[in-house]
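# Descriptive structure summary
As a plain string of letters, each chain reads:
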Amino acid sequence: MTHSTALIVDDESDLLELMELTLAQMDVQTHTATTLKAAKELLLRQTFQLCLTDMRLPDGDGLELVSYIQENFPQLPVAVITAYGNTEAAVKALKAGAYDFVPKPVDLKVLRKLVSTALKLSEKRGRKDRRSRDVLLGESPAMREIRSKIVKLARTQAPVFIHGETGTGKELVARLIHAKSPRADKPFVAVNCGAIPSELMESEFFGHRKGSFSGAISDQVGLFQAADGGSLFLDEVAELPLGLQVKLLRAIQEKTIRPIGAEQEIPVDVRILSATHKDLKKLVAEGKFRQDLFYRINVIELEIPPLRQRLEDVPLLVERFLAQLAQENSLQRLTLSQRALEALCRYEFPGNVRELENILERAVALCEGEVIDIDDLDLANVTKTQFSGPAQEETTKGEFSLEEYLMRIERHAILEALEQTRWNRTAAAKKLGLTFRSLRYRLKKLGID
């Protein structure tokens, strides 16, 4: 049987012994170091599945070790042990690439959960998972970059703040981060913070005990406990009242909650993912959102682009949505006229991907056949006269080749990148988010000399 091996770095003998015993009970072999230098030497000689390090070491600090591991052993999850209430240190460690943190005094239940979750990362190494490409559609450079970031974010426990306009797919991104993480087999709990009445928020988040207030006829588990071991997604986090923000900050930092009416705190192991379409920095400046909570949930920020900034993804999204609608409406297939597709590819989509889906759903209900034309789309800001130019010469009634249309879009994007880089193919490939080899293949395929 193969044992997992952990490196523990701490100069407090009592804490070192406690962690060694705890991990030994979990069948995890341990190696210990009391200095930064000794830790680096062990890392070069031994393969580890996890590293636990104190922030303060005799010859340096834990952040230096985190950075060293990130640079030389990026697959190794490293967790730091922080002083009680030291939010700033925890955030710095997570930004530096730490997998997670453990506050002092170390709660053994919290430690065991952290170790178990971290060790699951070893099981996921080397697996190729293409689910994000199938779920988060789009081949634009922006969407490729987001999918790449999702894979990296899944390997850490750092809180992620997802920012984007309404309808861009923020919850979808949060679900993918969870699905690719070692927490995937645990709950993903999503809550719209703007949909909970303010007087019920504390009870909803932290739970309550029977008789703790009028109407509390039984014990209730809160959202944190419901998500224990998994991920808690706080959608529209900007809507949280200031009073609850204080309690939420403490729950995130100390990894404990106290249900209303309870005498003792309960350890919880939850990864926080949050999102909003509002400008949180502006709300912080206006005193409407706590700065300390903002820094705590915004350890890593992920910006989701609006659909108007990646219109080259529209044909792919259209194809997927039409296939779904055809299945739901028991139709063999649904297609767009070329004129209708061109209209969508020029539309600004104030409601983003969600609006595109709604437009197509309405069009399917309005069109009389299986081919959707521009009249069926009923786009608010697009007129037919926009499509009376050269593009219309290529328009054919009925069905069209989606492959040809995609190739035209691809050709345009590549030529534009080449023009912007003065035909430097290496720079153009970088601009397009492609490898040089991939660009060379596409140039040949499209006949671009």
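Presented here is an overview of the structure given in this document. Nothing here was measured: the structure is a model prediction, and the numbers come from that model.

## So, the overall build of the protein chain
Counting its regular elements, the protein chain contains 21 helices and 16 strands. Along the first, second and third principal axes, the C-alpha atoms of the protein chain reach 80 × 60 × 45 Å. Of the contacts made within the protein chain by residues no fewer than 6 positions apart, 72% connect residues no fewer than 24 positions apart. Of the charged side chains in the protein chain, 62 are positive and 65 negative; the average position of the first set lies 4 Å away from that of the second.

## Considerations on the pattern of salt bridges
All chains considered together, the criterion is met by 20 salt bridges. For Lys 255, the salt bridge goes to Asp 100, with nearest N and O atoms at 3.0 Å. Residue Lys 255 is found in the loop between α11 (242–254) and β11 (256–257), and its partner Asp 100 is found in strand β7 (residues 100–103); the two are separated by 155 residues along the sequence. Arg 250 serves as the salt-bridge partner of Glu 265, at 2.6 Å between the closest nitrogen and oxygen.

## Here's the deal with the environment of Gln 225
For Gln 225, the position within the fold is in helix α10 (residues 223–226). Classification of Gln 225 by relative accessible area gives partly exposed; the value is 25%. When the C-alpha positions of Gln 225 and Phe 206 are compared, they lie 7.4 Å apart, and in sequence the two are 19 residues distant. With residues near it in sequence (within four places) discarded, Gln 225 still touches Phe 206, Ile 257, Pro 259, Ile 266 and Val 268.

## Some points on the packing of helix α14 (residues 314–328) against helix α16 (residues 352–366)
The contact between α14 and α16 brings their axes to 10 Å, and the two run at 45°. Here α14 lies oblique to α16, going by the angle between them. Every pair of crossing elements has a handedness; the one defined by α14 and α16 is right-handed. Residue-level inspection shows Leu 317, Val 318, Phe 321, Leu 322, Gln 324 and Leu 325 of α14 in contact with α16, the latter providing Val 353, Leu 356, Glu 357, Leu 360, Glu 361 and Val 364. A breakdown of the residues in the contact of α14 with α16 according to their chemical character gives nine nonpolar, one polar and two charged.

## Some details on empty space enclosed by the protein
Evaluated as defined, the whole model comprises two cavities of 30 Å³ or more. Roughly 180 Å³ of internal volume is contained in the largest cavity. Around the largest cavity sit 17 residues that line it, and Ile 252, Lys 255, Val 270, Arg 271 and Ile 272 are the ones nearest its centre. Put simply, the parts of the chain that give the lining of the largest cavity at least two residues each are β7, α11 and β13 (271–276). For the lining of the largest cavity, a count of residues per class yields 10 nonpolar, one polar and six charged. One number sums up the size of the second largest cavity: a volume of about 30 Å³.

## Observations regarding the sheet that holds strand β10 (residues 231–235)
In spatial order, the strands read β9-β10-β13-β8-β14; together these five strands make up an open sheet with parallel pairing. Both outer strands of the open sheet, β9 (188–192) and β14 (300–303), are each paired with one neighbouring strand and no more. Going from strand to strand, the sheet's axes swing by 20° on average, the running direction of each strand aside. Where strand β8 (residues 160–163) meets β13, four bridges bridge the pair, whose relative direction is parallel. The residue bridging Val 160 from the neighbouring strand is Leu 273, located in β13. On the sheet, helix α7 (residues 141–153) packs against β8, β13 and β14 and is oriented at approximately 155° with respect to β14.

## So, α11
For α11, spanning 13 residues, the distance from its first C-alpha to its last is 19 Å, which sits close to the expected 18 Å at 1.5 Å a residue. Taken residue by residue, α11 has Leu 244, Gln 245, Leu 248, Leu 249, Ala 251, Ile 252, Gln 253 and Glu 254 as its buried positions. Of the residues trailing α11, Lys 255 is marked for its positive phi of about 60°.

## Comments concerning the sheet that holds strand β1 (residues 4–9)
What links the strands of a sheet is backbone hydrogen bonding, and the strands pair in either a parallel or an antiparallel sense. If you trace the five strands from one edge of the open sheet to the other, you get β2-β1-β3-β6-β7, paired in parallel fashion. With partners counted over all chains shown, the strands left at the sheet margins are β2 (28–33) and β7, one partner each. Within the sheet, the average angular offset between the axes of one strand and its neighbour, ignoring direction, is 20°. Relative to strand β3 (residues 50–54), β1 runs parallel, the two being bridged by four bridges. Note on β3: the bridge partner recorded for Ile 8 is Leu 52. Contacts between helix α1 (residues 13–25) and the sheet are confined to β1, β2, β3 and β6 (78–82), with β2 contributing the most and set at about 165° to the helix.

Reading the values: the criteria
Residues numbered from 1 in each chain as written. Predicted model: local features only at pLDDT ≥ 70, side-chain atom pairs only at ≥ 80, totals over all residues. Heavy atoms only, no water. Helix = DSSP H or I, 4+ residues; strand = E, 2+ residues; numbered from the N terminus. Contact = heavy atoms within 4.5 Å. Lys, Arg positive; Asp, Glu negative; His and termini not counted. Charge placed at Lys NZ, Arg CZ, Asp CG, Glu CD. Salt bridge = Lys/Arg side-chain N within 4 Å of Asp/Glu carboxyl O. Buried < 20%, exposed > 50% of the residue type's maximum accessible area, 1.4 Å probe, protein only. Axes fitted to C-alpha atoms, helices over the stretch in contact; angles between N-to-C directions. Parallel < 35°, antiparallel > 145°, perpendicular 65-115°, else oblique. Left-handed = near helix turned anticlockwise from the far one by under 90°. Nonpolar A, V, L, I, M, F, W, Y, C, P; charged D, E, K, R; others polar. 1 Å grid on protein atoms, 1.4 Å probe; cavity = no way out; pocket = protein on both sides within 12 Å on 5 of 7 lines; lining within 4 Å. Points joined across faces, edges and corners; volume = space filled by probe spheres on them. Pairing = 2+ DSSP bridges. Expected span 1.5 Å × (residues − 1).

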